[in-house]
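Residue strings, one per chain:
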Amino acid sequence: MELSAAAWAVADLGLDDMLDAGQVVVQAPAPARATSGGMASTALLAHVAVAKFAWHLPLYRQTQMFAGQGIDLDRATLTNWVGRVAWWLRPLYERLLGHIRSHDYVFCDETPLRRLDPGRGKTKVCQIWSQAVDHRPWRGPSPPAAGYVYAEGRRASEVTTQLAAFSGVLHVDGYAAYKSLAKARRTGKPIRLVFCLAHARRASSCRCSRRPSPRPRRRSSPGSGRSMRSRRASTVCRPQIDAQSAKPKPDRS
């Protein structure tokens, strides 16, 4: 308990006796804030973070929305708030990924993500890796969970780093990085790959196991503006019309 300045001023006048009599004003310490040196509440921080990541509202639009209500908030302030929220949620995020990877059956996939690349005037293609577990179809004991990992690329090293502590069945697509991971982890903490039906058919197909040789380009016929191959393709793709349902052409003679 922290005493106020007035309480310390009367310390020489018998502080213990005055405390026992309840005659001294005692000030409790201020509660800790989510942001250092700021007055933003946890509800406001959650509102800004959810609006940015869940409802796709950039911070500069949120500053305009706050300005419309008479609240002057700089975008740099909102940026610091989002970084603080990420700092608070990092232990929960790591606990969630650890919970997912502790199961013996995990789904994993990646998808492209474009982000701004300062200094180049363009965007850069990165990757968002998703890892999930869902035991509801067979009434498993664990609730469903999904976690996302940001990475600059989709190299095999990314998969190796993320799934270093995982051992079990990995439900993935036919990406070669997963196959190399399973091949390298045959001992110790083995990983067994399971493909969906489409990728399983593709992996077992003879045509996909070998790359077809490119067809030679055919020469264009004299006087035509395109090759014979393109004309044949357009003829095949042309919709067929039933002769009985086709309307007769008008006689223009």
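Judged by nonpolar contacts, the single largest core of 21 residues is most densely connected at Trp129, Val159, Leu170, Tyr178 and Leu193. Only helix 5 (75-101), strand 1 (105-117), strand 2 (122-133), strand 3 (145-151), strand 4 (168-172), helix 7 (176-184) and strand 5 (191-195) provide two or more residues apiece to this core. Per-element tally for this core: the top contributor is helix 7, with four residues. Excluding anything up to four places from it in sequence, Leu170 contacts Val106, Cys108, Leu163, Tyr178, Ile191, Arg192, Leu193 and Val194. By size, the runner-up hydrophobic cluster in this structure holds 12 residues, among which are Val48, Leu78, Trp81 and Val82.

For helix 5, with 27 residues, the first-to-last C-alpha span of 37 Å sits near the 39 Å given by 1.5 Å per residue. Along its length, helix 5 shows its largest kink, about 45°, at Leu89, and proline Pro91 lies within four residues downstream of that point. Looking at helix 5, one finds that the buried residues are Leu78, Trp81, Val82, Val85, Leu97, Ile100 and Arg101. The elements touched by buried residues of helix 5 are helix 3 (42-53), helix 4 (59-68), strand 1, strand 2, strand 3 and helix 6 (156-162).

For the rest of this paragraph, the subject is unusual backbone geometry. One non-glycine residue, His56, lies in positive phi territory at about 55°. Among the structural elements, His56 can be located in the loop between helix 3 and helix 4. Of note, Arg139 is a non-glycine position whose phi angle comes to about 55°, a positive value. Tracing the sequence through the fold places Arg139 in the loop between strand 2 and strand 3. Exposure remark for Arg139: the relative accessible area of 79% places this residue in the exposed category.

Attention now moves to the environment of Leu163. As for its position among the elements, Leu163 is in the loop between helix 6 and strand 4. Taking the C-alpha atoms as reference, Leu163 lies 9.1 Å from Leu181; in sequence the two are 18 residues apart. Not counting residues up to four positions away in its chain, the partners in contact with Leu163 are Gln131, Leu170, Leu181 and Arg185.

This paragraph deals with the confidence of the model for the protein. In the predicted model, the protein carries a mean pLDDT of 79, and the fraction of residues at 70 or more is 69%. Helix 9 (residues 206-209) is the least confidently modelled element of the protein, averaging 41 in pLDDT, while helix 4 averages 96, the highest of any element. Low confidence marks residues 206-211, where pLDDT is under 50. Its contacts with residues over four positions away, or in another chain, come to one contact.

It is worth spelling out helix 4 at this point. Side chains three or four residues apart in an α-helix point the same way, a direct result of the helix having 3.6 residues per turn. By the burial criterion, the buried members of helix 4 are Leu59, Gln62, Thr63 and Phe66. Projected down its long axis, helix 4 shows its buried positions confined to an angular sector of 105°, all on one face. Opposite its buried face, helix 4 presents the exposed residues Gln64 and Gly68, each directed more than 90 degrees away. Where helix 4 is buried, its residues contact helix 3 and helix 5.

Turning our eyes to something else, we now look at the packing of aromatic side chains. A complete count under the given rule lists four aromatic pairs for this structure. Between Tyr105 and Trp138, the aromatic rings sit 6.1 Å apart at their centres with planes inclined by 80°, giving edge-to-face as the arrangement. Here Tyr105, found in strand 1, pairs with Trp138, found in the loop between strand 2 and strand 3; they are 33 residues apart in sequence, far enough to count as distant. The exposure class of Trp138 is exposed, given its relative accessible area of 51%. Here Tyr175 and Tyr178 contribute two aromatic rings whose centre-to-centre distance is 5.7 Å and whose plane-to-plane angle is 85°, an arrangement assigned as edge-to-face. On the accessibility criterion, Tyr175 (18% relative accessible area) is buried.

The next thing to look at is the side chain of Glu158. Topologically, Glu158 is positioned in helix 6. The class for Glu158 is buried, based on a relative accessible area of 17%. Setting aside chain neighbours within four positions, we find Glu158 in contact with Trp129, Ala151 and Gly153.

Reading the values: rules and limits
- Residues numbered from 1 in each chain as written.
- Predicted model: local features only at pLDDT ≥ 70, side-chain atom pairs only at ≥ 80, totals over all residues.
- Heavy atoms only, no water.
- Core = buried A, V, L, I, M, F, W, Y, C linked by side-chain atoms within 4.5 Å.
- Buried < 20%, exposed > 50% of the residue type's maximum accessible area, 1.4 Å probe, protein only.
- Helix = DSSP H or I, 4+ residues; strand = E, 2+ residues; numbered from the N terminus.
- Contact = heavy atoms within 4.5 Å.
- Expected span 1.5 Å × (residues − 1).
- Bend = angle between axes of the 7 residues up to and from the residue.
- pLDDT = per-residue confidence, 0-100.
- Arc of directions from axis to C-beta.
- Phe/Tyr/Trp six-rings, centres within 6.5 Å; stacked < 30°, edge-to-face > 60°.

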